[in-house]
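# Topology and contacts: notes
Listed below are the residues making up each chain.
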Amino acid sequence: HTPTPTPTHTQHKHTHTRRVPTRPGVHNTNQKLAKMSEEIKTFTREEVGKHSNEGDMWVIIDGQVFDISDFVDAHPGGRLVLAQEAGKDVTKKYGLFHGPDVMRKYKPRLLVGYIQDSKAAKSALRAARPDAKEAQAKYENKRDKAISMTLNSMFGPAPKPDMSVLVRTNPFGQLVPYGDPAWYQTLNSPYYKETHVLWRKKCRAWMDEHVTPNVQKWNENYGPGENGYREVLTKMYKDSIMPACVGAPWPKQFVDVQGPPGFDAFHELIFIDEMSRCGSGGVTWGFLGGITIGLPPVIHFGSEELKRRVVPGCLNGKKVLAVMINVMMTMYVKEEEAALQRTSKRNTSKNYT
C-alpha cells in the first residue's frame, strides 16, 4: 500500500473536522442537566384531565400542575368550586380571585409537575441549572438597582423613615395590585401616621388568629352559631377592636376599653379592610353588617335612654343588632364556573320573585 501523505495545513483545514477539546466539567454539567430534566415531571393536558375524580383531583395554573385532592376541603371558597374544575386549566379563573401570595403559600406542597413544553416547564428547567442561583442573585441585584433608580428619578431619594408618618419604604402585607390599599404598597399618605401603622398590625394579627382560619367552617355551617357569634364579638371587644365599627369618635362613653391614640375614620377603614381580608363577604357581613349600619344612627340620633339600653351591649357582644330590609327581589347567588352569576326564581303562589 502507498503510505498516506501527511496533510498540509490547508488540506487539514478543508478535509478534516477538528474536535474541540471538552472543557473540564462540561461533560459533568451535561449529565446534571439531563438528570434534572428527568426529575422535572411533565404531563400532557389529556393526562391531567384524567385526574378529575373524588380523591384524585388535579388542576393546571399557568402551565403548572397541582394536586388539590387533599386541599379541596380546606379551600376558603368551599370544595365545590374546586371539585367542578378538577382536570381542567383554571388559570384565568384563578387569576380573578387570587394574588401571588396564595401561590407562594401553597405551591411548594401542591405542585406535582408541569405541562409539556410550557413556559413554566422551561422556566423550571432553567431554574434547576447548577448556575441558576447565582444568575438569579445577579438578576435580583440588577432589578433592585433599576427600581431604586426609577423611584429616585420620580420622587428623589427615599427620605429617612419618619415615625409619625408612614413613608414609602415601609410596605406591608402581600402588596396585591388593586387589592391592598395604596399606602400598604409603599405609596405615602399624610393621613396615615404611626398610630395607624400599629393599629393595622394589631387588626391583621387578630383577624389572622381568630377569623380567617374559621371561614370555611363558618361558611359551610351558615355561621359560628349564636354562642360562637357572641364569643367572637366578646373577644373582639375585650381586645379593644370591636368599638371601631361605629366610626369616630371612639365611643368611650359606652365602653370601658381604650381605642388607638387619635382614633379617626382611617382607623375605622383599616379595621374594615383587615376584617374583609378573611375572604368571605358572608362572614364580614355576619359580624359587622347589622351593627355598622344600625348602631351609628342610634348613637347619633337616639334618646339617652335608648343609647343606654342598646349601645353598650351591642359593642361588647352581649346583644345583637339586626337590620331588616324589605326587597322586591331575592337574588339567589351561586358560584358557577368560578364567576358570580345572578339568577332569579319566581314563586307564583306567593306573588313575589
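Scroll up a little and you will see the structure.
When helices and strands are tallied, the protein chain shows 14 helices and 7 strands. Looking at the protein chain as a whole, 33% of its 353 residues are labelled buried. In the form shown here, the protein chain has an accessible surface area of approximately 23800 Å², with 55% of it arising from carbon and sulfur atoms.

On to the side chain of H267, then. Position of H267 relative to the elements: it lies in helix α12 (residues 265–276). By relative accessible area, which is 0% here, H267 ends up buried. Within polar-contact distance, the side chain of H267 engages the side chain of D264 at 2.9 Å. Once you skip the residues sitting within four places of it in the chain, H267 turns out to touch T195, H196, W199, P260, P261 and G262.

Where α12 meets helix α13 (residues 281–301), the axes come as close as 9 Å, and the angle between the chain directions of the two elements is 140 degrees. As far as their axial angle goes, α13 and α12 are oblique. Contacts between α12 and α13 involve F271, I272, M275 and S276 on the former and, on the latter, V283, T284, F287 and L288. Of the residues contributing to the contact of α12 with α13, the split by class is 6 nonpolar, 2 polar and no charged.

A few words now on the packing of α13 against helix α14 (residues 304–316). Look at α13 against α14: their axes get within 10 Å of each other, and the N-to-C directions meet at 150 degrees. The angle between α13 and α14 places the two elements in the roughly antiparallel class. At the point where α13 passes α14, the crossing takes the left-handed sense. When α13 is examined against α14, the residues I291, L295, V298 and I299 are found in contact with a partner set consisting of L306, K307, V310, V311, C314 and L315. Considering only residue class, the contact of α13 with α14 consists of 9 nonpolar, no polar and 1 charged.

It is worth spelling out the pairing of strand β4 (residues 64–67) at this point. In this structure, strand β3 (residues 56–61) lies alongside β4, joined through 4 bridges in antiparallel fashion. Bridge pairing in β4 links I61 to Q64. The loop that links β3 with its antiparallel partner β4 comprises 2 residues; one of these, D62, has a positive phi angle of about 50 degrees.

It is worth spelling out the nonpolar core at this point. Membership of the largest hydrophobic core comes to 43 residues, with the highest contact counts inside it found for F271, F287, L295 and L315. For this core, the elements supplying multiple residues, two or more each, are α9 (194–210), α10 (215–220), α11 (225–238), α12, α13 and α14. Top contributing element to this core by residue count: α13, with 7 residues. Aside from chain neighbours lying at most four places away, what touches F271 is W199, C203, M207, M236, I241, A244, C245 and L288. Within the second largest apolar cluster, 15 residues are counted, among which are V59, F71, L82 and V90.

Taken together, the 5 strands give an open sheet; going across it, the order is β1-β5-β4-β3-β2, and neighbouring strands pair in mixed fashion. Unpaired on one side and paired on the other, β1 (42–43) and β2 (52–53) mark the two borders of the sheet. Packing of helix α6 (residues 100–110) onto the sheet brings it into contact with β3, β4 and β5 (111–115), and relative to β4 it is tilted by some 75 degrees. Running at roughly 115 degrees to β5, helix α7 (residues 119–127) makes contact with β1, β4 and β5 of the sheet.

Attention now moves to the packing of aromatic side chains. Taken as a whole, this structure holds 10 aromatic pairs when the rule is applied. Judged by centre distance (5.4 Å) and plane angle (5 degrees), the rings of Y229 and F287 are stacked. Here Y229 is found in helix α11, whereas its partner F287 is found in helix α13, with 58 residues between them in sequence. The residues Y229 and F287 share a single accessibility class, namely buried.

Conventions adopted
- Residues numbered from 1 in each chain as written.
- Predicted model: local features only at pLDDT ≥ 70, side-chain atom pairs only at ≥ 80, totals over all residues.
- Heavy atoms only, no water.
- Helix = DSSP H or I, 4+ residues; strand = E, 2+ residues; numbered from the N terminus.
- Buried < 20%, exposed > 50% of the residue type's maximum accessible area, 1.4 Å probe, protein only.
- Areas by Shrake-Rupley, 256 points an atom, 1.4 Å probe, with all protein chains shown as cover.
- Polar contact = N/O pair within 3.5 Å; in protein donor to acceptor, adjacent residues only side chain to side chain.
- Contact = heavy atoms within 4.5 Å.
- Axes fitted to C-alpha atoms, helices over the stretch in contact; angles between N-to-C directions.
- Parallel < 35°, antiparallel > 145°, perpendicular 65-115°, else oblique.
- Nonpolar A, V, L, I, M, F, W, Y, C, P; charged D, E, K, R; others polar.
- Left-handed = near helix turned anticlockwise from the far one by under 90°.
- Pairing = 2+ DSSP bridges.
- Core = buried A, V, L, I, M, F, W, Y, C linked by side-chain atoms within 4.5 Å.
- Phe/Tyr/Trp six-rings, centres within 6.5 Å; stacked < 30°, edge-to-face > 60°.

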